[in-house]
Amino acid sequence: MALYAKFGSLLVKQVSKPLANYLKASAKNHPVFRSWLVAFAQKKHNLSARISSALRQEGSPRVFAGKLNEERALQQGSDFFGEAVIFSIAGGIVVYEYRRSALKDEEKSRKKKDNQRQKELQRKEEQSQIHARLEGVEKSVELLMLEMRDLKTRSDKKSNSRVLSFLRL
């Protein structure tokens, strides 16, 4: 089963790149996605320019980062979108594998606890059987002790009666 899951995840990883390329091409041609991709790429470019400007030394001249042309912005936006699709698929596979592993560990732990409970029940059953046997042995010993006392009293009476009969002679 695990081997099939590994092959399945490998297959999904291999299919994700062509799928991302297809989605990128579709997004470039769709008017709403196209505007979103261009707007996202412009924001990303502005943020990147601000960060690089902030990281420069104080004495260096400040560089103005203008807007990207629409074609370049569309390319950068669609590239980011394709990478996001691939990353999402890979992340989904990681989450799936982690969840599957966690469920497997839970099942293993549950089986271990069940085995421990079963052994504990068997141990208690054996103890109760031993206790029942011990009670039976104690009752038998008590009965034997009573019989011994009874025999001793009978024996004492008989020996006393013999002695008395001997003395009477």
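Residues numbered from 1 in each chain as written. Predicted model: local features only at pLDDT ≥ 70, side-chain atom pairs only at ≥ 80, totals over all residues. Heavy atoms only, no water.

Trainee: Can you walk me through the overall build of the protein in this structure?
Mentor: Across its full length, the protein holds 3 helices and 0 strands. Expressed as a percentage of the 169 residues in the protein, the buried residues total 12%. Once local pairs closer than 6 in sequence are excluded, the contacts in the protein between residues at least 24 apart make up 77%. On the protein, roughly 14,600 Å² of surface is accessible, and the fraction owed to carbon and sulfur atoms is 61%. (Helix = DSSP H or I, 4+ residues; strand = E, 2+ residues; numbered from the N terminus. Buried < 20%, exposed > 50% of the residue type's maximum accessible area, 1.4 Å probe, protein only. Contact = heavy atoms within 4.5 Å. Areas by Shrake-Rupley, 256 points an atom, 1.4 Å probe, with all protein chains shown as cover.)

Trainee: Is there a simple way to explain the nonpolar core in this structure?
Mentor: Nonpolar side chains tend to gather and get buried jointly when the protein is soluble and globular. In this structure, Ala 27, Leu 37, Val 38, Ala 41, Leu 68, Ala 73 and Leu 74 together form the largest nonpolar core, which totals 7 residues. The leading source of residues in this core is helix α2 (residues 31-55), at 3 residues. Those residues in contact with Leu 68 that sit more than four places away from it in its chain are Ala 41, Gln 42, His 45, Ala 73 and Gln 76. (Core = buried A, V, L, I, M, F, W, Y, C linked by side-chain atoms within 4.5 Å.)

Trainee: Could you clarify how one ought to interpret α2 in this entry?
Mentor: What sets the pattern is the α-helix's 3.6 residues per turn: residues three or four places apart point alike. Here α2 is 25 residues long and its end C-alpha atoms lie 36 Å apart, about the 36 Å a rise of 1.5 Å per residue gives. Buried within α2 are the following residues: Leu 37, Val 38, Ala 41, Gln 42 and Ala 49. (Expected span 1.5 Å × (residues − 1).)

Trainee: Explain a nonpolar patch on the surface here, please?
Mentor: Together, Leu 11, Val 15, Leu 19 and Tyr 22 line one region of the surface with nonpolar side chains, adding up to about 410 Å² of accessible area. By secondary structure assignment, the location of Leu 19 is in helix α1 (residues 2-29). Looking at Leu 19, the relative accessible area reads 39%, which means it is partly exposed. (Patch = residues over 30% accessible without salt bridge, like charges linked within 9 Å, V, L, I, M, F, W, Y side chains within 5 Å. Salt bridge = Lys/Arg side-chain N within 4 Å of Asp/Glu carboxyl O.)

Trainee: Is there a simple way to explain the packing of aromatic side chains in this structure?
Mentor: For any pair of aromatic rings, geometry is given as the distance between the ring centres together with the angle between the planes. Counted by the stated rule, this structure contains 3 aromatic pairs. For the pair Phe 33 and Phe 81, a centre-to-centre distance of 6.4 Å together with 35° between the ring planes defines the contact as tilted. Residue Phe 33 is located in helix α2, and its partner Phe 81 is located in helix α3 (residues 70-168); the two are separated by 48 residues in the primary sequence. The exposure class assigned to Phe 81 is partly exposed, which follows from its relative accessible area of 26%. These aromatic residues form a ring-pair network of at least three members: Phe 33, Trp 36 and Phe 81. (Phe/Tyr/Trp six-rings, centres within 6.5 Å; stacked < 30°, edge-to-face > 60°.)

Trainee: How should the pattern of salt bridges be read in this particular structure?
Mentor: A side chain with one charge may pair with a side chain of the opposite charge, provided their charged atoms come close. Under the definition given, this model contains 8 salt bridges. For Glu 97, the salt bridge identified is with Arg 100, shortest N-O distance 2.9 Å. With Glu 97 and Arg 100 both in helix α3 and 3 residues apart, this pair spans about one turn of that helix. For Arg 100, a relative accessible area of 24% gives the class partly exposed. Taking the shortest distance from any N to any O, the salt bridge between Asp 114 and Arg 110 comes out at 2.7 Å. Pair noted here: Asp 114 and Arg 110 are both in helix α3, with a separation of 4 residues, about one helical turn. Accessibility expressed as a relative area gives 29% for Asp 114, which makes it partly exposed. Judged by its relative accessible area of 40%, Arg 110 falls in the partly exposed class.

Trainee: Sorry, what's going on with the side chain of Ser 78 here?
Mentor: With respect to the helices and strands, Ser 78 occurs in helix α3. When its relative accessible area of 0% is taken as the criterion, Ser 78 is described as buried. Once residues lying within four places of it in the same chain are set aside, the contact partners of Ser 78 are Lys 24, Lys 28 and Leu 37.

By themselves these figures say nothing about function.
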